[in-house]
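Close look at the chain arrangement
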Amino acid sequence: MNSLTVSQLAKQLNISADTVRHYVRSGLINPERDPSNGYKRFNADDIKRLNFILQAKSLSFSLADIQTIMDQASF
């Protein structure tokens, strides 16, 4: 699977690009930067993490709780 940009990832997961950027700013996902243009590039692991975050948020977990779970699970 090729890496995705913010807008491509948002479209794939049916969320806004701002939502993706929010989780990046929160430190819950850490995409690589494309050295040629500086764009954030999301790989399969980032997509799995974001799917987990979205599912946990739908169950009313806080971002702090989600971070704790991901840290403890070495996600």
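Above this text is the structure in question.
My aim in this report is to walk through the structure given alongside it, one point at a time. (Residues numbered from 1 in each chain as written. Predicted model: local features only at pLDDT ≥ 70, side-chain atom pairs only at ≥ 80, totals over all residues. Heavy atoms only, no water.)

1. Looking at the overall build of the protein
Using the following cut-off: Secondary structure counts use DSSP, requiring at least four H or I residues in a row for a helix and at least two E residues in a row for a strand, with both numbered from the N terminus. The quantity called the radius of gyration is restricted to C-alpha atoms. Its globule counterpart is 2.2 Å times the number of residues to the power 0.38. For each residue, the accessible area found with a 1.4 Å probe, counting protein chains only, is set against the maximum for its type, and the residue is called buried under 20%, exposed over 50%, and partly exposed in between. Here a residue-residue contact requires only that any non-hydrogen atoms of the pair lie within 4.5 Å. Areas reported here follow the Shrake-Rupley algorithm with a probe of radius 1.4 Å; residue values treat only the protein chains shown as occluding. Positive residues here are Lys and Arg, negative ones are Asp and Glu, while His and the chain termini are left out of the count. Note that the charge is assigned to NZ on lysines, CZ on arginines, CG on aspartates and CD on glutamates.
Within the protein, the regular secondary structure consists of four helices and two strands. Each helix and strand of the protein, placed in order from N terminus to C terminus, yields the pattern α-α-β-β-α-α. A globule of 75 residues ought to have a C-alpha radius of gyration of about 11 Å, and the protein, at 12 Å, matches this closely. Projected onto its principal axes, the C-alpha coordinates of the protein cover approximately 35 × 25 × 20 Å. Per-residue burial for the protein yields a buried fraction of 28% across its 75 residues. A sequence separation of at least 24 residues applies to 49% of the contacts in the protein between residues at least 6 apart. Summed over its atoms, the accessible surface of the protein is roughly 4,900 Å², and 47% of this surface lies on carbon and sulfur atoms. Side chains of the protein carry 9 positive and 7 negative charges; the gap between the two charge centres is 6 Å.

2. Examining unusual backbone geometry
For asparagine 14, which is not a glycine, the phi torsion comes out positive at approximately 60°. With respect to the element layout, asparagine 14 can be found in the loop between helix H1 (6-13) and helix H2 (17-25). By relative accessible area, which is 71% here, asparagine 14 ends up exposed. In this structure, serine 60 is a non-glycine residue whose phi angle is positive, near 75°. The exposed category is assigned to serine 60, whose relative accessible area is 68%.

3. Details of the packing of H1 against helix H3 (residues 44-58)
To keep things clear, this is the line we draw: Axes here mean lines fitted to C-alpha atoms, for a helix over just the part in contact, with angles spanning 0 to 180 degrees between N-to-C directions. By the definition adopted for this analysis, an angle is roughly parallel if under 35 degrees, roughly antiparallel if over 145, roughly perpendicular if from 65 to 115, and oblique otherwise. Handedness of a crossing follows from how the near helix is turned relative to the far one, being left-handed for an anticlockwise turn of less than a right angle and right-handed for a clockwise one.
Packing of H1 against H3 leaves a shortest axis separation of 12 Å and a crossing angle of 50°. Classified by the angle their axes make, H1 and H3 are oblique. H3 is crossed by H1, and the crossing has right-handed handedness. In this structure, H1 contributes Leu9, Gln12 and Leu13 to the contact, and H3 contributes Ile47, Leu50, Asn51 and Leu54.

4. Observations regarding H2
Threshold: Directions from the helix axis toward the C-beta atoms define the arc.
Of the positions making up H2, those classed as buried are Val20, Tyr23 and Val24. Around the axis of H2, the buried residues are gathered within 105° of arc, so they sit on the same side. In H2, those exposed residues whose orientation departs by more than 90 degrees from the buried face are Asp18 and Arg25. Those residues of H2 hidden inside the fold are in contact with H1, strand E2 (40-41), H3 and helix H4 (63-72).

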